[in-house]
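Structure at a glance
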Amino acid sequence: MKVKMLSRNPDHYVRETKLDLQRVPRNYDPTLHPFEVPREYIRALNATKLERVKIWNLTKRKCIRTIQAHEGFVRGICTRFCGTSFFTVGDDKTVKQWKMDGPSCGEEEEPLHTILGKTVYTGIDHHWREAVFATCGQQVDIWDEQRTSPICSMTWGFDSISSVKFNPIETFLLGSCASDRNIVLYDMRQATPLKKVILDMRTNTICWNPMEAFIFTAANEDYNLYTFDMRALDTPVMVHMDHVSAVLDVDYSPTGREFVSASFDKSIRIFPVDKSRSREVYHTKRMQHVICVKWTADSKYIMCGSDEMNIRLWKANASEKLGVLTSRERAATDYNQKLKEKFQHHPHIKRISRHRHLPKSIYSQIQEQRIMKEARRRKELNRIKHSKPGSVQMVSEKKKHVVAVVK
Amino acid sequence: MSRNQAAESNLLALNQQKELEDLPKDYPLSTSEDEGDNDGERKHQKLLESISSLNRKDRQKLAERSEASLKVSEFSVSSEGSGEKLVLSDLLEPVKTSSSLAAVKKQLNRVKSKKTVELPLHREEIERIHREVAFNKSSQILSKWDPVVLKNRQAEQLVFPLSKPQSAFAPIEHVVSGWKAGTPLEQEIFDLLHKNKQPVTEPLLTPVEKASLKAMSLEEVKMRRAELQRARALQSYYEARARREKRIKSKKYHRILKKGKAKQALKDFEKLQKVNPGAALEELEKLDKARMMERMSLKHQNSGKWAKSKAIMAKYDLEAHQAIQEQLARNKVLTHKVQAASESEEDDLEARQAMQEQLARNKELMQKVQAASESEEEEEVQEEEEEPLVPDMVNGVQIKANGLNPWMFRNHFIDAEEAEVQKDLESVEEPEAQETSESEEERAVVEEETLLKEFEERRSLRQKSELNHMAEPVHRQVTKDPSSQEVLSELRALSQKLITENHQSGKQELSSARTAQREEPAREEEEPMLLQRPKRAQTLDELEELGREGCVENKELPRTAVEGLQLEKNLSNHIGTPKEKKRKEQMIDLQNLLTTKSSSVKSLAVPTTVQELEDEEERDQRQMIKVAFAGDDAIRDFLKEKREAVEASKPKDLDLTLPGWGKWGGMGLKPSAKKRRRFLIKAPEGPPRKDKNLPNVIISEKRNIHAAAHQVQVLSHPFTHHHQFERTIQTPIGSTWNTQRAFQKLTMSKVVTKPGHIIKPIKAEDVGYRSSSRSDLSVVQRNPKRLSIRHKKLLENNCVD
């Protein structure tokens, strides 16, 4: 008699060594795994909630070196592209170059070079590839590191220029912002300014996108940031609104996908380049007006300096796990990220992912701003309604803030 | 700068008017025009004049010139005092008259024909133009980045840093030179290496080798090289030949080869015996040793794995048998003591006898094999045949003595003989032996038929009983509860019964109840479908007819299938299946017909009404509409709809009965009512409907407010249609629903960065563009002309300071 039995080949389920992964036979038949969408939705919900866990890490918190560099304020500082030395400008009308490494014992702390200038310099930036740097004050000067006089100086009108920045990709381009509300672009090779755009209010600083040669972002006093395409200055590509006070500094992530802004409202925010609202806001109880902000070169951290004389190191992505990830962990985080992206339009997920705790001052100011904005909008609508059709036009948010483009 | 100065002078002028005494530095301004004079007296005079003029009202008057005014001097022209302007034509008048100035005249004419040069543009204008040109140029340069930016924005995944750092290959000597041996072991190794002057890198020749190479002359080297080449070539030829030979599959070839080798060896041995008896003896000893080894080992016995398997195979396979034989023979040969030919004939005789015996045994085996190829059952017969085959074997030996291959010969020889023997011994019990003569075949056919008949009888009996089993429940069920059957199932049952009756026809049981059953459902179905009645009746009639036909066939069948039931079965099979099909087709046709007929009726009805309308043209539009929509009863439709909605919203009962669980199941078997009752889970009564007391309203209660909180209400930006959005949501991305590869692909993150890796700004070289060869610095240094005058001055000041 033949006895029928269920039999399995041990090769299909027995591990060769105990270090092997357990082989789990899977059946992808969709009928066996019903409710895909609801299950993934729940997973997405959990993934968004997970983001709330914040782990802060700081490296060694020690000041290595203190230099008495200038008499009076130090107005600007920048490092050389190679990282071996840095330049400072101060209220004492000097430009000084310092070694990055500290002096050996017995040696006195002295600058490598000192250049005495005629006027006060308010900002400095170094060329990305060559031994050239630019200072700004009454005019924009281009200096060769080897010379004591500028090789080229450019001006357009009379005003104090607060900051100057080299384009990291097309390195002969510069951008500066002056206190008469304008942003001026310069070409170093042709030694001429190119174009000027006048905004509603003063721009504090600009930053070029390190991955897209023609894109730069301007931090403005009117609480907004403007991303421009330098070839078409009459309309900004994007207006980034979320701050409730003047934006003082901006810096791009090295990936060119996001930038961080420091504001007078005691917070820093991270904006995606193509979004008008911020993705993240960082604040602490003790942090006062944030003066400057920088994104680290590996795009993982953000540093900010604030009025209460502290430098803070933040994670660029708050929920990211630091340290080495196992492949399974990485797969899980990737999956969670994708789920969040997939279900981002669902109301609950949107609410949770957008929710941030804010200090009371910022929170109330946001409410106030909202009311003001709504009132302005209502007024504009009323004006359109009560005037001859076509005589009053609705001005888009992007166009509203640009006063003029001067050729 | 110039603007600044102008403004300054204006201011000064104003000041002059008001408070001149306080501003002694105004003098140089007014005196600036006669700087050329260096006469002290005149200076003094001027000063006095200017002081006196301060009191006058018209001090703004032009300063007087010192030259004589009414005369035309050699160097300058003045029209002062004449009261009229100086015109060029006046000056040129003397030219016309004098002929000596022809050259000047020509020049003047040339000048006249030329246009006047336009005023140079204002500096600001120039700067603006410069700026615009520069802007266009730089934006053109920037435009080359457009495709790169677009590509990066749309990229599925970007891994930063974009340019992978090229791993630097440091030459080993650099590494070695930079590294010092620290531990004693390392020291020792280094010493060893240095002592032998072992090169660390290429060329991998020691200095000694190099020296030896150098020592050889050129010709020598060439010769040696040629020799080596030749040797290499020969080796390769030989290898190729050996490979080719090895690949030859022909057994014959190998056998011949082996034989040849053996012959050669023998010849050699004989030669050796003549030439060098000592060596020959050694050879003999060697052979003896080999024999001993062979005797010791079981290499060529039939105890090996291969031999055993071959022994089994030998029964069925001639070749295997042969192989075994060969092996045994070899064993014999190998183990046979090599002796001088003169020693003993007895041994030879014995050996020959032994051979004969063995051969006899072999013959038996061979025959067995042959028999096996015919049929297993013949084995016994073969055994019986042993005795008569003995002489054959003797024959075989004789043949062998003749020197022919006995085995080959035997094959042909015995085949024929065996056939004869088998003819005689053919038994009745084994009819499958069909290779025998024709006379036997007839007998075999008869026997076959009888046997087949027997089998068929048995089989048919079994089938009958089965069919009875099958048919009975169906029958019972139909008779029990025919009214509850639906039309189709009824028909199906009927058809089934017809089939079963085909088989039961042998018993001639034609129940009268069957016809009654057939009529009963028909009567019932008349009620709901009155309109379709004639058609239905027709079809039923047809069915009945069909049934009758089947019966007729069945009745006929036993008569025809007297000889064998198998034929009947085949027939029933053949007839039954197409019939079924036919019936099914008919049923389908029936339904089709019904539907088409009803529609045709409707379509017929419409034109008649239209015709009526045409006849009575005075009726107005409203009436027409009323008639046109006469069929639509809105209220009834609504009520129906509401009823349907209520039905649909009612919670459904859950039936968990499993047919065949705890009882027999199968075609037409239904689980008992008790079971059904037991496993039926009644749904709880839902909350009352909101429109329960509102007869004219349907309130949909499908919307679930709890779920609504989680649902997307507004279509967000990138999507233009809700289908798109739904599609993106419905495709799962988890590993639960996707294969590992697909999961990885779906959850690929857009931007990948590594901690601690510096991401540098994108470079033209990274994306395949050519970066400008000249550095910015050199370009700037090459055109210093752009430094404006003021800046130059500033720079000078800087330097002075």
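In this text, all values refer to a predicted model and were calculated from it rather than measured experimentally.

Another point: the overall build of chain B. Secondary structure assignment for chain B yields 32 helices and 4 strands. Each of the 801 residues in chain B was classed as buried or not, and the buried ones make up 18%. Counting contacts in chain B only where the partners sit at least 6 residues apart, residues at least 24 apart contribute 61% of the total. As presented, chain B carries roughly 64300 Å² of accessible surface, and 56% of it is formed by carbon and sulfur atoms.

Here we take up the pairing of strand S13 (residues 203–208) of chain A. Residues and elements named next belong to chain A. Along S13, 6 of the 6 residues are buried, which leaves the element largely enclosed by surrounding structure. Relative to strand S14 (residues 215–220), S13 runs antiparallel, the two being bridged by 5 bridges. Residue pairing in the sheet places Cys207 in a bridge with Thr217 of S14. Hairpin connection between S13 and S14: a loop of 6 residues separates the two successive antiparallel strands.

Next up on the list: a nonpolar patch on the surface. Residue and element names in this part refer to chain B. Taken together, the side chains of Leu121, Ile126, Ile129 and Val133 make up a nonpolar region of the molecular surface, amounting to roughly 340 Å² of accessible area. Along the polypeptide, Ile129 turns up in helix H6 (residues 123–143). Using a relative accessible area of 44% as the deciding quantity, one classes Ile129 as partly exposed.

Considering all chains together, one arrives at 12 aromatic pairs over all chains under this definition. Centroid distance Tyr41 of chain A to Phe343 of chain A: 5.7 Å. Interplanar angle 70°. Geometry classified as edge-to-face. Taken together, the residues span a long stretch of sequence, with Tyr41 of chain A in helix H1 (residues 36–50) and Phe343 of chain A in the loop between helix H2 (327–342) and helix H3 (347–354) at a distance of 302 residues. One exposure class covers both Tyr41 of chain A and Phe343 of chain A, and it is buried. Both rings, one in Phe719 of chain B and one in Phe725 of chain B, keep their centres 5.2 Å apart while their planes meet at 75°; by these two values the pair is edge-to-face. Phe719 of chain B gets classed as buried once you look at its relative accessible area, which sits at 18%. Linked through ring pairs, Phe87, Tyr121, Phe133 and Trp143 of chain A together constitute an aromatic cluster. Cation over ring: Arg231 of chain A sits above Phe214 of chain A, and NZ or CZ is 3.9 Å from the ring centre. The ring of Trp156 of chain A is capped by Arg131 of chain B, whose NZ or CZ atom sits 3.6 Å from the centre of that ring.

A few words now on the confidence of the model for chain B. Residues and elements named next belong to chain B. Here chain B averages 68 in pLDDT, and 50% of its residues register 70 or above. Residue range residues 505–543 is modelled with pLDDT below 50. Its contacts to residues more than four positions away, or to other chains, number 34 contacts. The ipTM value of the predicted complex is 0.85, and its pTM value is 0.53.

If you look at the interface, chain A gives 66 residues, while chain B gives 73 residues. Across the interface of chain A and chain B, roughly 6400 Å² is buried in total on both sides, 62% from carbon and sulfur atoms. The largest per-residue losses of area from chain A upon contact with chain B belong to Arg189, Met211 and Arg257 of chain A, which jointly make up 11% of the total buried on that side. Linking chain A with chain B are 3 salt bridges, by the criterion used here. For Lys144 of chain B, the salt bridge goes to Glu170 of chain A, with nearest N and O atoms at 3.7 Å. Joining chain A to chain B, the criterion identifies 22 residue pairs in polar contact (both at pLDDT 80 or more). Those elements that place two or more of their residues in the side of chain A that touches chain B are H1, strand S8 (150–154), strand S12 (192–199), H2 and H3 of chain A.

Conventions we followed
- All residue numbers refer to position in the chain's written sequence, counted from 1.
- Here chains are named by letter from A upward and ligands by number from 1 upward, in the order in which they appear as written.
- pLDDT decides what is reported in this predicted model: residues at 70 or higher carry local features, side-chain atom pairs at 80 or more are listed and counted, and totals for whole chains, interfaces and linings draw on all residues regardless.
- Side-chain measures were taken over the full set of non-hydrogen atoms in the model, leaving aside hydrogen atoms and water.
- Numbering of helices and strands runs from the N terminus, with a helix taken as a DSSP run of H or I at least four residues long and a strand as a DSSP run of E at least two residues long.
- We call a residue buried when its accessible area falls under 20% of the maximum for its residue type, exposed when it is over 50%, and partly exposed in between, using a 1.4 Å probe and counting protein chains only.
- Any pair of residues with heavy atoms lying within 4.5 Å of one another is described as a contacting pair.
- Areas reported here follow the Shrake-Rupley algorithm with a probe of radius 1.4 Å; residue values treat only the protein chains shown as occluding.
- Strands are labelled as partners when DSSP assigns at least two bridges between them.
- Only residues above 30% relative accessible area that lack a salt bridge enter a patch, with like-charged residues linked at up to 9 Å and the nonpolar side chains Val, Leu, Ile, Met, Phe, Trp and Tyr linked at up to 5 Å.
- Salt-bridge detection follows one rule: a side-chain nitrogen of Lys or Arg within 4 Å of a carboxyl oxygen of Asp or Glu.
- Stacked, tilted and edge-to-face pairs are distinguished by plane angle, under 30 degrees for stacked and over 60 for edge-to-face with tilted covering the rest, among Phe, Tyr and Trp rings (Trp via its six-membered ring) whose centres lie within 6.5 Å.
- Counting as a charge over the ring demands two things of the Lys NZ or Arg CZ atom: a distance within 6 Å of the ring centre and an angle within 35 degrees of the ring normal.
- A residue's pLDDT is the confidence the predictor assigns to it, expressed on a 0 to 100 scale.
- Note on definitions: buried area is the accessible-area loss of two parts on being combined, 1.4 Å probe, summed for both.
- Distance and chemistry together define a polar contact, namely a pair of N or O atoms within 3.5 Å, with one atom able to donate a hydrogen and the other to accept it when in protein, and with adjacent residues in sequence counting only for side-chain atoms on both sides.

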